[in-house]
Amino acid sequence: MDEQNPALRALAASGIAHEVTRHGRVGSLAEAAAVRGVEPSAIVKTMVVRRGEGDHLFVLVPGDREISWPKLRALLGVNRISMPAADAAREVTGYERGTITPFGSETALPVVADERIVGRTVSIGAGAHGVAATVAGDDVVTHFDALVADVTDPA
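Computed from a predicted structure; not experimentally measured.

(A) Summary view of the pattern of salt bridges. Inspection of every chain in the model, using the stated rule, returns 8 salt bridges. Between Asp114 and Arg116 there is a salt bridge, and its shortest N-O distance comes to 2.9 Å. Three or more residues are tied together by salt bridges with common partners; here these are Lys71, Asp114, Glu115, Arg116, Asp150 and Asp153.

(B) Layout of the nonpolar core. In this structure, Leu60, Phe103, Ile117, Ile124 and Val135 are the most contacted members of the largest nonpolar core, which totals 26 residues. Setting aside anything within four residues of it in sequence, one finds Phe103 in contact with Ala7, Ala10, Leu11, Ser14, Ile16, Tyr95, Ile124, Val140, His143 and Phe144. Core analysis: the next-biggest nonpolar cluster, separate from the first, contains 11 residues, Val61, Ile67, Leu72 and Ile81 among them.

(C) Geometry of helix 4 (residues 86–93). Those residues of helix 4 not exposed but buried are Ala89, Val92 and Thr93. Summarising the axial view, the buried residues of helix 4 lie within an arc of 85°, below the 170-degree limit, and thus occupy one face. In helix 4, the exposed positions that point more than 90 degrees away from the buried face belong to Asp87 and Glu91. Where helix 4 is buried, its residues touch strand 2 (43–52) and strand 3 (55–62).

(D) Representation of the side chain of Ser123 within the structure. Along the chain, Ser123 turns up in strand 6 (residues 121–125). Classification of Ser123 as buried rests on a relative accessible area of 0%. A polar contact is formed between the side chain of Ser123 and the side chain of Arg36, at a distance of 3.1 Å. Contact partners of Ser123, with chain neighbours within four places excluded, come to Arg36, Val38, Ala42, Ile43, Val44, Ala132, Ala133 and Thr134.

(E) Highlighting the packing of aromatic side chains. By the definition in use, this model includes 1 aromatic pair. Ring geometry for Phe103 and Phe144: centres 4.8 Å apart, planes at 70°, overall edge-to-face. Pair noted here: Phe103 is in the loop between helix 4 and strand 5 (111–114) and Phe144 is in the loop between helix 5 (137–143) and strand 8 (147–149), with a separation of 41 residues, a long-range link. For Phe103, a relative accessible area of 1% gives the class buried.

(F) Just unusual backbone geometry, in detail. The phi dihedral of Asp145 falls on the positive side, at around 50°, and the residue is not glycine. Structurally, Asp145 can be placed in the loop between helix 5 and strand 8.

The rules behind the values
- Residues numbered from 1 in each chain as written.
- Predicted model: local features only at pLDDT ≥ 70, side-chain atom pairs only at ≥ 80, totals over all residues.
- Heavy atoms only, no water.
- Salt bridge = Lys/Arg side-chain N within 4 Å of Asp/Glu carboxyl O.
- Core = buried A, V, L, I, M, F, W, Y, C linked by side-chain atoms within 4.5 Å.
- Buried < 20%, exposed > 50% of the residue type's maximum accessible area, 1.4 Å probe, protein only.
- Contact = heavy atoms within 4.5 Å.
- Helix = DSSP H or I, 4+ residues; strand = E, 2+ residues; numbered from the N terminus.
- Arc of directions from axis to C-beta.
- Polar contact = N/O pair within 3.5 Å; in protein donor to acceptor, adjacent residues only side chain to side chain.
- Phe/Tyr/Trp six-rings, centres within 6.5 Å; stacked < 30°, edge-to-face > 60°.

Have a look at this one:
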């Protein structure tokens, strides 16, 4: 295990059953799914969303879907939300874009999980390019006490 990777350390400490997969950088969702041995819909993208100054959260999005901003705003009861700049996301999480995961984030943030990750095995990023963890979506939801809702639309 890469001892320098806070996501892998956090995953190990969580007690969640997981399998780490390692591969080179990939150029597409389809390529990532193929090298991880899962369907594109089973890949979970972790998005950082900004509600306000110093107020961020994670949104877990199936690979074949994208955030539905109207659904997410309604769920959170806010009029405006946005994606922070890459440097702001890194400052909050400690991870660069493409490697962000709630596991081992420098700041513990609330987690919203799209309902489509419940009841299935998913592959979530694990803090470095080409590193992912295959886990039960339900375990991720439980571990982070995630709010589960329909917050995405087909990509």
